[in-house]
Amino acid sequence: MITYLSNNSETVLAALRQHIWLALLPVLLGFAIALPIGYLGVRFPRFYHPLVNVAGVLYSIPSLALFVFLPVVLGTKILSPINIVVALTIYTVALLARTVADGLRSVDRLITESATAMGYRRFRRLIDVELPVALPVILAGLRVATVANISLVSVGALIGVGGLGQLFTRGFQLFYLEPILVGVILSVLLAGVADLAIVLIQRAVTPWTRFQGGRA
Amino acid sequence: MITFDDVVKVYPGGGTAVDHVSLEVPTGKTTVFVGPSGCGKTTSLRMINRMISPTSGRVLIDGEDVAGQDEALLRRGIGYVIQHAGLFPHRTVLDNVATVPVLLGKTRREARAAALGLLERVGLAPEFAQRYPAQLSGGQQQRVGVARALAADPPIMLMDEPFSAVDPVVREGLHREFLRLQKDLGKTIAMVTHDIDEAIKLGDLVVIFRQGGIVAQIGTPQELLSDPADEFVAEFVGRDRGLRSLSFDTAAELPVKPVPAELVVDEAGRPLGWRTGADDVRPTGGTFTSADTLRLVADLAILSPVGIAVRVDADGKADGITPHHDLADYLAARRG
Ligand SMILES: Nc1ncnc2c1ncn2[C@@H]1O[C@H](COP(=O)(O)OP(=O)(O)OP(=O)(O)O)[C@@H](O)[C@H]1O
Ligand SMILES: [Mg+2]
């Protein structure tokens, strides 16, 4: 495996880089889109259930089907990485819109009411109070979305794009174990590192949660 | 002054929560809304800062209808304290207290400096400043809630059962501090409680609500105890209201007799108990000072194994006694 790595370091690194941005760009895009959608599901309670249902349906579409289907809708080339980015963004939105809505709904009414009573207007209350208090729930969703995206990118290899997944396909084609091993190990590592990074961010930005053990 | 002018609140799908209420909350005084659960106290309170709007009638602050004022600006000028404090879990104690000044445009640094002073004011040591609400006891959270409401120095404070989520001993301490603070600050306070004892202790004026959001009586605590308007009020202020009315006077003018030999004292003159037999010394059950209330004296006389309350001086040395019949004579003479 070491020899495989040293002989193919260029290929492996390129695959890793592609894997990272194919997985993370949709997380960022999806999060940005999910925030306002999730908020609407809380602001207008009537939208909450439709939102949950639509999100559930979107999330249950098999990824391969979406990868193949999207070029038809978007008019992109089947090998274009845009397909993967759009598909994973859809999954991320489906997951996070619900998480954002649930996070905001989990904020104790006592807290929002006392913010209102102190003279917060709606938007500032959202930014200063509701979102920060909902952050632990939202970041937990973000972790799930990130790890899921990292594993889904590999599926893209079946249609010819897909970061580390390309190493699997190559290995299968050549009946050669090394690239498969390297691909698996690197994508697991990548998922672990991303997960850890979010946990560390969460510790840094929500220091108060450490003291809430035993309290609702 | 806050004025309720024929205020009615009917909740959609609910009954009448507040029924033609007219009353005044005088400037610089504490007015307590009290009554059984569901009688419209919280609803009334929240109509003052427009958290709830009346179905009909008006609420005025210094003659100006609150309905015509910008909600957020109005609320920044009114302190608000609720049960369980409602602190922001993601902000330190200091930043919780700094909330309203920051909303009003102060820099965070200025607001924090002022907040630190306020913590001291409500009896919290500076080391609490950097803690999060989850790291405080219920009583401490409640103090932070009060400090937060006071931070922008609003002339008006609304308090909804501010002391009901803490145990009786802590509540006692919070009451004392509330009275001390209010003596200094002289805010216009509207407070809600369902505890008539708390209302009598803290209120300059007490408004008793009955079921259906109707005002049963408005008066000073003494008026309510000595002259209840009807059966409901008499029942609500309690059967022991005669005893309770003793809370308004101290023992300063109560005559005492010299300490008799039956009272066993230590070297410093502090009472240890009553000698009721050759080998039998029974505890006194407590002592009073001339600053305590007549109610405490009566309580001690009843509890005492010999029916005598023991007075002590500032050092705890016994300096006089009051047998229960002396207390009764004193009260009778005072009435006559
Ligand atoms: N949002 C609401 N919708 C419908 N009915 C309500 C609403 N809020 C309160 N009520 C009803 O209005 C009445 C008065 O409620 P309110 O909260 O003012 O009572 P309260 O005196 O503060 O009671 P408690 O001592 O239990 O806090 C109650 O019967 C209650 O059920
Ligand atoms: Mg209430």
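Everything numeric in this text was worked out from a predicted model, so none of it was measured.

Draft legend 1. Highlighting the sheet that holds strand β6 (residues 78–82) of chain B. Residue and element names in this part refer to chain B. With respect to topology, six strands assemble into an open sheet ordered β6-β7-β8-β3-β9-β10, the strand pairing being mixed. Each edge of the open sheet is held by one strand with a lone partner, namely β6 and β10 (214–219). Recorded for the sheet is a direction-independent mean angle of 15° between the axes of neighbouring strands. Relative to strand β9 (residues 205–210), strand β3 (residues 30–34) is paired through four bridges, and the arrangement is parallel. The residue of β9 that forms the bridge with V32 is V206. Sheet contacts for helix α1 (residues 41–48): β3, β6, β7 (156–160), β8 (188–193) and β9; angle to β8, the most-contacted strand, approximately 155°.

Draft legend 2. Examining the confidence of the model for chain A more closely. For chain A, the average pLDDT comes to 90, and 98% of its residues sit at 70 or higher. For chain A, per-element mean pLDDT is lowest for helix α1 (residues 2–7) of chain A, which scores 81, and highest for helix α6 (residues 109–117) of chain A, which scores 95.

Draft legend 3. Representation of the domain arrangement of chain B in the model. Residues and elements named next belong to chain B. Along its sequence, chain B is carved into domain 1 (2–247) and domain 2 (263–335). Computed from C-alpha atoms alone, the centre-to-centre distance between domain 1 and domain 2 is 38 Å. Here domain 1 meets domain 2 over a buried area of about 500 Å², counting both sides, of which 66% is carbon and sulfur. The largest share of the area that domain 1 buries against domain 2 comes from L243, L246 and S247, three residues that together contribute 86% of it. Here domain 1 is connected to domain 2 by zero salt bridges. The tally of links from domain 1 across to domain 2 stands at zero residue pairs in polar contact (both at pLDDT 80 or more). Here the side of domain 1 that touches domain 2 is built from residues that sort into two nonpolar, one polar and two charged.

Draft legend 4. Quick look at the environment of B:A149. Residue and element names in this part refer to chain B. Tracing the sequence through the fold places A149 in helix α6 (residues 138–150). A relative accessible area of 8% means that A149 is categorised as buried. Taking the C-alpha atoms as reference points, A149 and R46, 103 residues apart in sequence, are found 15 Å from one another. What A149 contacts, discounting residues up to four positions off in sequence, is G79, Y80, V81, P154 and M157.

Draft legend 5. Highlighting the interface of chain A and chain B. Opposite the 21 residues of chain A that make contact, chain B presents 29 residues. When chain A packs against chain B, the two sides together hide about 2,200 Å² of surface, and 63% of this comes from carbon and sulfur. Considering only the side of chain A, the residues that lose the most area to chain B are A:A117, A:M118 and A:R121, jointly responsible for 27% of the buried surface there. Inspection of the region where chain A meets chain B yields three salt bridges. With its nearest N and O atoms 3.2 Å apart, the salt bridge here joins B:D70 to A:R121. The tally of links between chain A and chain B comes to six residue pairs in polar contact (both at pLDDT 80 or more). Elements with a minimum of two residues in the side of chain A that touches chain B: α6 and α7 (122–155) of chain A.

Draft legend 6. Broad picture of the confidence of the model for chain B. Chain-level pLDDT for chain B is 92 on average; 100% of the residues reach the 70-or-more range. Two numbers describe this predicted complex: its pTM, 0.81, and its ipTM, 0.85.

Draft legend 7. Inspection of unusual backbone geometry at higher detail. All names here are of chain B. Even without being glycine, H20 reaches a positive phi, approximately 45°. By the secondary structure assignment, H20 is in strand β2 (residues 16–25). If you check the backbone angles, R50 has positive phi at about 65° while not being a glycine. Here R50 shows up in the loop between α1 and β4 (56–61). The exposure class of R50 is partly exposed, given its relative accessible area of 23%.

Draft legend 8. The site of ligand 1, seen in detail. All names here are of chain B. The environment of ligand 1 is made up of Y11, A17, S37, G38, C39, G40, K41, T42, T43 and E161. In the model, a nitrogen atom of ligand 1 is placed 3.5 Å from a nitrogen or oxygen of the Y11 side chain. Protein burial of ligand 1: of its 630 Å² of free accessible surface, 57% is covered by the chains. Looking at which element gives the most residues to the shell around ligand 1, the answer is α1, with three residues. Looking at the shell around ligand 1 residue by residue, the class counts come to three nonpolar, five polar and two charged.

Draft legend 9. Representation of the packing of aromatic side chains within the structure. Taken as a whole and judged by the stated rule, the model has nine aromatic pairs over all chains. Note on A:F44 and A:F47: the rings are 6.0 Å apart at their centroids and 65° apart in plane angle, and the pair reads as edge-to-face. For A:F47, a relative accessible area of 38% puts it in the partly exposed group. Ring pairs connect the aromatic residues B:F4, B:F33 and B:F209, which therefore count as one cluster. Positioned above the aromatic ring of A:Y48, the side-chain terminus of A:R105 is 3.6 Å from the ring centre. One Lys or Arg, B:R148, reaches over the ring of B:F88 and ends 4.8 Å from the middle of that ring.

Draft legend 10. Seen up close, the sheet that holds strand β15 (residues 308–312) of chain B. Residue and element names in this part refer to chain B. Overall, mixed pairing links the three strands, which are arranged β14-β15-β16 in an open sheet. Bordering the open sheet on either side are β14 (287–288) and β16 (318–323), each of which pairs with just one other strand. The sheet contact formed by β15 and β16 spans five bridges and is antiparallel. Note that in β16 the partner of V310 across the bridge is I321.

Draft legend 11. Expanded view of helix α4 (residues 63–74) of chain A. Residue and element names in this part refer to chain A. Across its 12 residues, α4 extends 16 Å between first and last C-alpha, which sits within 8% of the 16 Å expected from 1.5 Å per residue. Every buried residue of α4 is listed here: S63, L66, F67, L70 and P71. Buried residues of α4, seen end-on, are gathered within an arc of 135° and therefore sit on one face of the element. What points out from α4, more than 90 degrees from its buried face, is the exposed set V72 and V73. Of the surrounding elements, those touching the buried residues of α4 are α5 (81–105) and α7. At the C-terminal side of α4, G75 shows a positive phi close to 75°.

Reading guide: rules and limits
Residues numbered from 1 in each chain as written. Chains lettered and ligands numbered in written order. Predicted model: local features only at pLDDT ≥ 70, side-chain atom pairs only at ≥ 80, totals over all residues. Heavy atoms only, no water. Pairing = 2+ DSSP bridges. Helix = DSSP H or I, 4+ residues; strand = E, 2+ residues; numbered from the N terminus. Axes fitted to C-alpha atoms, helices over the stretch in contact; angles between N-to-C directions. Contact = heavy atoms within 4.5 Å. pLDDT = per-residue confidence, 0-100. Domains from an automatic or database assignment. Buried area = accessible area lost by both parts, 1.4 Å probe. Salt bridge = Lys/Arg side-chain N within 4 Å of Asp/Glu carboxyl O. Polar contact = N/O pair within 3.5 Å; in protein donor to acceptor, adjacent residues only side chain to side chain. Nonpolar A, V, L, I, M, F, W, Y, C, P; charged D, E, K, R; others polar. Buried < 20%, exposed > 50% of the residue type's maximum accessible area, 1.4 Å probe, protein only. Near = heavy atom within 4 Å. Areas by Shrake-Rupley, 256 points an atom, 1.4 Å probe, with all protein chains shown as cover. Phe/Tyr/Trp six-rings, centres within 6.5 Å; stacked < 30°, edge-to-face > 60°. Lys NZ or Arg CZ within 6 Å of the ring centre and 35° of its normal. Expected span 1.5 Å × (residues − 1). Arc of directions from axis to C-beta.

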